[in-house]
Amino acid sequence: MLVTKCDICKKEIKSDIVVAGTDGMFSRQTFCLKCGKPVLNFLNKIKKNKKISKN
């Protein structure tokens, strides 16, 4: 059984988790939904503001 703890509040996560990472498996962070909601909002905001340029 995999026990996952939130990297912000350090509580054990028993339901859905938010995983954010930049460079593979070793630099990932796991958050509970309460702590991960602001992270998801930030990432979604960046994704919407990013312009895709076509050659």
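See the structure above.
Residues numbered from 1 in each chain as written. Predicted model: local features only at pLDDT ≥ 70, side-chain atom pairs only at ≥ 80, totals over all residues. Heavy atoms only, no water.

Visitor: I tried to follow the overall build of the chain on my own but got confused; where do I start?
Guide: Helix and strand content of the chain: one helix and four strands. Helices (α) and strands (β) of the chain occur, in sequence order from the N terminus, as β-β-β-β-α. For the chain, buried positions account for 18% of its 55 residues. Excluding contacts between residues fewer than 6 apart, the proportion of contacts in the chain whose partners are at least 24 apart in sequence is 20%. With an accessible surface of roughly 5300 Å², the chain has 56% of that area assigned to carbon and sulfur atoms. (Helix = DSSP H or I, 4+ residues; strand = E, 2+ residues; numbered from the N terminus. Buried < 20%, exposed > 50% of the residue type's maximum accessible area, 1.4 Å probe, protein only. Contact = heavy atoms within 4.5 Å. Areas by Shrake-Rupley, 256 points an atom, 1.4 Å probe, with all protein chains shown as cover.)

Visitor: Sorry if this is basic, but what is going on with a nonpolar patch on the surface here?
Guide: A cluster of nonpolar side chains, contributed by F42, L43 and I46, occupies part of the molecular surface with about 290 Å² of accessible area. Looking at the element boundaries, F42 is found in helix α1 (residues 33–49). (Patch = residues over 30% accessible without salt bridge, like charges linked within 9 Å, V, L, I, M, F, W, Y side chains within 5 Å. Salt bridge = Lys/Arg side-chain N within 4 Å of Asp/Glu carboxyl O.)

Visitor: Help me understand the pairing of strand β3 (residues 18–21) in this model?
Guide: Burial along β3 is one-sided: V18 and A20 are buried, while V19 and G21, pointing the other way, are not. Summarising the sheet, β3 and strand β4 (residues 28–31) pair through four bridges and their orientation is antiparallel. Counterpart to G21 in the pairing with β4 is R28. (Pairing = 2+ DSSP bridges.)

Visitor: When you look at the side chain of T30 in this model, what are you seeing that I'm missing?
Guide: Position of T30 among the secondary structure elements: in strand β4. Owing to a relative accessible area of 11%, T30 belongs among the buried residues under this scheme. Engagement of the side chain of T30 in a polar contact is seen with the backbone oxygen of K5, the distance being 3.1 Å. Here T30 is in contact with T4, K5, C6, D7, V18 and V19, once residues within four sequence places are set aside. (Polar contact = N/O pair within 3.5 Å; in protein donor to acceptor, adjacent residues only side chain to side chain.)

Interpretation note: all reported values are geometric properties and have no functional meaning in isolation.
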